[in-house]
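The residues making up each chain are set out below.
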Amino acid sequence: MRDRGPGLADATRGRLLFGGDYNPEQWPPDVWPDDVRLMRQAGVNLATVGVFAWAALEPAPGEYDFAWLDTVLELLHEAGIGVALATPTASPPPWLGHRHPGTLPQGPDGVRRHYGSRMHYCPSAPEYRRAALAVTEALAARYAHHPALRLWHIGNEFGTVCLCDRCAERFRGWLRARYGDLDVLNEAWGTSVWSQRYSQWSQLIPPRTVQYIGNPQQDLDFQRFSDDLLRECFIAERDAVRAFGPHVPVTTNFMDFYRPVDGWRWAAAEDFVSLDTYPDPNDPRAPMLGAMSKDVMRSLGAGPWLLMEQSPGAASWRPVSTPKRPGLHRLWSLQAVARGADGVLQFQWRASRQGLERAHGAMVPHAGPDSRVFRETCALGAELAALSDVEGLLGAPVPADVAIVLDWDAWRAAELPHQPHDGFRYTDRLTDYYEPLWRANITCDFARAGGDLGRYRLVLVPNLYQVSTAAAADLAAYVAGGGTLVLGPFSGVADPEERIYTGGWPGPLRDLVGVRVEEHWPLPDGEPVEVESDELGPFTAATWAEWAESTGADVVARARGGPLDGRPLVLRNRFGAGTAWYVATLPSAGGLARLLARVCADTGVRPVLDGLAPGVEAVRRGPVVFLLDHGTGRVEVRVDGAIPD
Amino acid sequence: MRDRGPGLADATRGRLLFGGDYNPEQWPPDVWPDDVRLMRQAGVNLATVGVFAWAALEPAPGEYDFAWLDTVLELLHEAGIGVALATPTASPPPWLGHRHPGTLPQGPDGVRRHYGSRMHYCPSAPEYRRAALAVTEALAARYAHHPALRLWHIGNEFGTVCLCDRCAERFRGWLRARYGDLDVLNEAWGTSVWSQRYSQWSQLIPPRTVQYIGNPQQDLDFQRFSDDLLRECFIAERDAVRAFGPHVPVTTNFMDFYRPVDGWRWAAAEDFVSLDTYPDPNDPRAPMLGAMSKDVMRSLGAGPWLLMEQSPGAASWRPVSTPKRPGLHRLWSLQAVARGADGVLQFQWRASRQGLERAHGAMVPHAGPDSRVFRETCALGAELAALSDVEGLLGAPVPADVAIVLDWDAWRAAELPHQPHDGFRYTDRLTDYYEPLWRANITCDFARAGGDLGRYRLVLVPNLYQVSTAAAADLAAYVAGGGTLVLGPFSGVADPEERIYTGGWPGPLRDLVGVRVEEHWPLPDGEPVEVESDELGPFTAATWAEWAESTGADVVARARGGPLDGRPLVLRNRFGAGTAWYVATLPSAGGLARLLARVCADTGVRPVLDGLAPGVEAVRRGPVVFLLDHGTGRVEVRVDGAIPD
Amino acid sequence: MRDRGPGLADATRGRLLFGGDYNPEQWPPDVWPDDVRLMRQAGVNLATVGVFAWAALEPAPGEYDFAWLDTVLELLHEAGIGVALATPTASPPPWLGHRHPGTLPQGPDGVRRHYGSRMHYCPSAPEYRRAALAVTEALAARYAHHPALRLWHIGNEFGTVCLCDRCAERFRGWLRARYGDLDVLNEAWGTSVWSQRYSQWSQLIPPRTVQYIGNPQQDLDFQRFSDDLLRECFIAERDAVRAFGPHVPVTTNFMDFYRPVDGWRWAAAEDFVSLDTYPDPNDPRAPMLGAMSKDVMRSLGAGPWLLMEQSPGAASWRPVSTPKRPGLHRLWSLQAVARGADGVLQFQWRASRQGLERAHGAMVPHAGPDSRVFRETCALGAELAALSDVEGLLGAPVPADVAIVLDWDAWRAAELPHQPHDGFRYTDRLTDYYEPLWRANITCDFARAGGDLGRYRLVLVPNLYQVSTAAAADLAAYVAGGGTLVLGPFSGVADPEERIYTGGWPGPLRDLVGVRVEEHWPLPDGEPVEVESDELGPFTAATWAEWAESTGADVVARARGGPLDGRPLVLRNRFGAGTAWYVATLPSAGGLARLLARVCADTGVRPVLDGLAPGVEAVRRGPVVFLLDHGTGRVEVRVDGAIPD
């Protein structure tokens, strides 16, 4: 976040935002007044306009048509509805790809991805970049001071990857900037393995189709490069709109748990962060996953954030796109507010009659306003309006004593090909730890691996496969200063150049946890390890274990039976004024819940409310404690006295 | 069908046809007399010749060799065996693709499909079209009046799709012809979604590889175009052979349930229809699927049809190619005659020693004539000869009071990507309704969605995802006139341009059924909905349900429990002089059987025979009632008195 | 094997070899002395150097750098450690592919496989061949007489396949050499099927992407061609190193059960054979598969062989790469010595910190020498040193009375597309027969289908899908001379040009077994056939059965129930002075074990030791009987008196 400059408060202006993506270009103009009338009926105060309007705004190269958008913005403004204006650059018109085939992205196999869908642009292509910037500037020039304008929405769900020759050229430039010298790159990429040493910069290419499997550091650097390249696109458009109106906050919309885009780095370039969130209504874990995704947003943005997209009904891209049952959309919307959102927007306002998203839910569904969904839309609008009146809620923080470390480098590297267990998914590791705390109504933040963690009683590091010595030092300092840390397995394995640490793992974190791991011991499906522990009771663990030894830590749990019989699997180490746990396996849900309950008890971490029925979620935000019942039966909640802060 | 001109009767000449594909070019000439001797022994009266003989007929460009074919036709004719002469255009010789690489088809990724297999032609390539027409005309010129010639067999199992630049050009022409104006196309394709608006015709391309997923209407139109393009190839060859001998009937061979080829439109261009049918002997549903496929053929051709290919043993292309058990081939052959076939041909006469189909069954298997299979071949030949003597059987119709609507547009559109449930298969919906009637020995026709259905007591519409207002009016007229109709779910959703109907579904069929559906409610696997009904008793339903309300219909069954609790799932509406049911879900087999039994009872629809043991199929054709026992045990059938017509 | 010339004994020089791949180019020079010190500590006497060192040896085209390798070889030599010097040609440096893109291989789709991995070379590319030969000659010129040199290791795990235009040209040359005349090729390829007749040599291409599925004989010939082409690469390098030092034995490393490389033909071109073997520690069948792979090596080499690679820990390329439990590496190493290996090498000496194999086990793991794995390394070194002192062990043969026929043509052809059962895997057929004998501690050799088998009491032919008349005659002569043979199903089906034998199967083996098979009867999963037999007791069989009749053989077992009810499935035929069994199905493990026990009893085939506990493997080699306990519990072995030879 910029220290100075506009923020989400400049968009909310004191009211929780409510509304959604509005694509008037899909409808004849006589529908527009009806749209605005229904928006007012539903309590909508923000409409996101223009996300996929490039072809409508620039029907032919350089020929702009803003008349329709002038009308739409005027209609909205007259009705008191604010506008999130999007740069339409996520989907260029066919004329661009037809005139400049080099703007179409290429896959690893060299096959061009054609227009006729979306995201069909090469982020390196100068013709794309020029055209994208031109339409952005034209929009900004015209609307930067439009009274309806509340915020800029740059592009959409950035994530396009291209491996064409021009991206190869840009990649080489990125590598030169990172490594300076070709010898340094050769060393960092480990090109002495398999005779891959590069003798000229011009030999370097993206990870295209190979005979076997490619270099892992090439893969990782290309992920980093692609992320940087997209962020460069974002920043170019951000700066273009700022140039015309620096008072308007700028954001772009993240997706749930999305590896290609490093949330920490992107958040630092935005005025506030936004989330597109689509938990699967058929997934019993959806309430937890939704809570976690929202907590991640609050943490990335270090404060209030905007729920930019969710579906009032089905998401159209699932194999089975079941709608939300009655009340579910309200429930998940309130979960967003509880967890720090200052606005709840949907994709989209009126269901598209055509195109690939015609089966996607909408605030005004195909059935029209006389429908369950539109009635729930109106009720939600009214409820958010009422909540906007609660003093101290809007903009309020969500207190948390626990932080979970989330690190994109660890994530990307842990999931490279040919790691010891290809079923080891980084986000599963996060939910391993998040879920028991969520069930216990203990609120968590997410945090970077490095930096000051001193404000947390407890820091959980479910996995930190890659770790720099600097980040290791920060974690050690946190514990030494009295903090408590729990470190999960397959951590401290590699440095940021994906060089394996030698001498035992978790590498630079060994002293902190008082453990030395000699071998990773992935477990095949159906062959769990039995764990015995006086403190925690017996439990099983699956997927992963390690051949570890204590170099000072107390052994809390050991393997029983099998090749690891008797070896320590959970250890606790006093370090300075604090305590560091090491969990060398993936305990069952019950086992990990007991372990975390113990750690929370030790550190004085408390739930928002105790003794709630299963499925009832409690979150405090500012003056409000939200109680969210995710079950479908009736539940009774008794609160005696005041709820503790 | 043409009103005038030759038909299947000109090929049968009063005898059920029996024989199969005969590829003498795979064998030395000294085998041919032995072939003919064995054919006579087996009662063969028709041999299909030349399907894959292009390279033998035209070994080098423009150099024809008909000598061997002259000999073969003479040998057959001398033995009294008729000939189905094929145009060999389904598999061009390597010299064509080598000399003109542009005749090799391209996939969505631009990769050419090479020769060395079959179907390796681009149907747009002028070089292919010219060469195919030339060999066709040379054949027709030479053999159109050959006394052995009974029918022309054009190409083989049409279905090739190509996305090359020349197909792109043809596609643009097809689109211009369909839409006339680019604005009309943009509107029909919904290009305002995702900024896909085309500003010049030259920008339009086939659905090639894209970054995400392509435009559904582009996909659908390309399916329609590819179908038309192939039919254009068929018609060009048809007209070429007719020019030389208008007295000879012309057909091409369909496949079981094949989406790329719209049977109604193709049948209209043929003199009679033919079927290649390969039910899996390991599939317990094969007898039902075979019956249905045959009923489809009878319906497409509006009368007798020809079974062009089936295997006397295994089909070689299955993962597990189990042969037919003793007697099974006879059983399925008689099923064809019972259901309207005037001939039973096999692929193929003598098993190929080489090539990809060397493990495919044949009338003369690898083991030779001293074999179970050849003995069964001879017995079948004798039995068909005896049946040919049954007066009134050959050419007779198969009476049916029930029609099931089969619609290729609905099929293709319902299975586009990103529909609400990607496990919703159109042909499964057909079998949902066909199977209980087949089990009850109630004979069904298939029918187009539009047109006059007045001759049926009952019309079943298992699905009509896409429906035009004209077809909707025809269905309404049928019911208004006293008919009974049952409409299945996910119907009346889109118009023929794949625009979703607004205001509630089934769109233009809403008044007919007295129902308004607000939301589609696909169900994940393992989560059925419970249905309760006083009339039908309780049952479960899976995969699909809907949030519906009656706008006038009686509610016959409702959901119990879950988010749809209490909502109507089966409804019955009086409409004019008739009745329309709406089934908003996919009932279990038992539930749907009870519903259909009820509807049949209401409409006076009766089985061919009542009270037969399970697995015994009864079909009336002309004067004969066929009783086909699909079980492997013994079964007793008692018939008291005459079988009712 | 060459009759004269060096052999493995010239490499072992009286000691079992112990060591592994050593890649000093991955480490700074100051690590090298430590490597050598640790090697001495571990008892290492051979280091494989240079396998992937091309880029280090030739950093730029034509610029060689041998200084580092001089140093390494000197260090090793000073420590008394021998060297297996590799030609580094399995992984060209990036400069080769960058300068000559034509050296990068192409897939069937025409997509180039890029550098950045390994095996990225087209074996036809003259630029690759020239550069590979040049670096090989430079190495040989410099080191052929180096005192540390024990053997040449050519390339690595040959197996690259390319379908580029230059390979197409070479393929045409290979076809001309094989068939001479285009008509002969057309006949052999069965191009009369599907109109594939070639009219010019220039039309012939590799099996590139096709619309449906390609010609099976084209596929098979391309497999044979690719094998020959790679062997040509091998031989070129072999001859190059021999030219500089004919006294040094030459090998290349095979992989476990690898279809692309015909072991019999390659072994004939090597001085001795070597194996890279990676059984999965999580696979309960690994001990048996390991034993079989080792027996194959001994048989291919007709004597002692070298275990070139195995992992002391995990193999990094599995989905779940679990390390070996304590003791397992020792166990499998001793299994190799017991089954004829005169050396036990590992991949690799020191774990790579980078690259795709960074999670692969090593003799010195990432944890360093203070580790379980390094301690086991040292113990194994000491144990092998002690075994080297056992008189008569090194170089000794492993006696076997049973041979299993292993035939690459049958393997490749039986697994072509569109065979009757695509789950019929040739290697499964080998283990069907190998496993019960291995469990019974009966040692087996493997043998070619043709040639003299007279030294075996029993010959097992689990499958011989393709068989030449010459091989059939050899097998018949073996039985006629008093031998016993067991032939499995789906045998004698096709000749070496993949033409199906007519008149009944097993084709030219029909008289030998006294059986005529009319039809193959593959069985779907979950539908076994019941078999009854007075001699063997009842058993079930799955996946495959046949419609067979005896033409003279005694029927030992018959199907009960189902379509094959009463048909013979196991038959025994007296033929000359011997006996031939035919097993027309795939019996359950128990059924086949009883059958083989019966055959062994009949032929006097005896186990090495009788009555051992399950999981204990006994193998005799020279003066030693190895007892290998594959279980994890305690087991007691009592031997009364001497163990019979």
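All values reported here derive from a predicted model rather than from experimental measurement. (Residues numbered from 1 in each chain as written. Chains lettered and ligands numbered in written order. Predicted model: local features only at pLDDT ≥ 70, side-chain atom pairs only at ≥ 80, totals over all residues. Heavy atoms only, no water.)

(A) Representation of the interface of chain B and chain A in the model. Contact residues are listed per partner, giving 56 residues for chain B and 51 residues for chain A. Looking only at chain B, the three residues that lose the most surface to chain A are W194(B), S195(B) and Q211(B), adding up to 18% of its buried area. Connecting chain B to chain A are 2 salt bridges. Put simply, R372(A) and E519(B) hold a salt bridge, and the shortest N to O gap is 2.8 Å. (Contact = heavy atoms within 4.5 Å. Buried area = accessible area lost by both parts, 1.4 Å probe. Salt bridge = Lys/Arg side-chain N within 4 Å of Asp/Glu carboxyl O.)

(B) A look at unusual backbone geometry. Backbone torsion omega between W505(A) and P506(A) reads 5°, so that peptide bond is classified as cis. Within the secondary structure, P506(A) is located in the loop between strand 13 (484-487) and helix 17 (510-513). Positive phi, normally seen in glycine, also occurs at S195(C), with a value near 60°. By the element assignment, S195(C) lies in the loop between helix 8 (182-189) and helix 9 (216-244). A relative accessible area of 1% means that S195(C) is categorised as buried. The phi dihedral of F257(C) is positive, around 45°, even though this residue is not glycine. (Helix = DSSP H or I, 4+ residues; strand = E, 2+ residues; numbered from the N terminus. Buried < 20%, exposed > 50% of the residue type's maximum accessible area, 1.4 Å probe, protein only.)

(C) Spotlight on the interface of chain C and chain A. With 51 residues of chain C in contact, the opposing surface of chain A contributes 56 residues. Summing the contributions of chain C and of chain A, the shared interface buries around 4,600 Å²; its carbon and sulfur component is 56%. A per-residue breakdown of the area chain C buries against chain A is headed by Q354(C), L356(C) and R358(C), which together make up 17% of the total. One can count 2 salt bridges joining chain C with chain A. Taken together, chain C and chain A are joined by 24 residue pairs in polar contact (both at pLDDT 80 or more). Elements represented by at least two residues in the side of chain C that touches chain A include exactly helix 3 (54-57), helix 5 (94-99) and helix 13 (372-388) of chain C. By residue class, the composition of the side of chain C that touches chain A is 22 nonpolar, 16 polar and 13 charged. (Polar contact = N/O pair within 3.5 Å; in protein donor to acceptor, adjacent residues only side chain to side chain. Nonpolar A, V, L, I, M, F, W, Y, C, P; charged D, E, K, R; others polar.)

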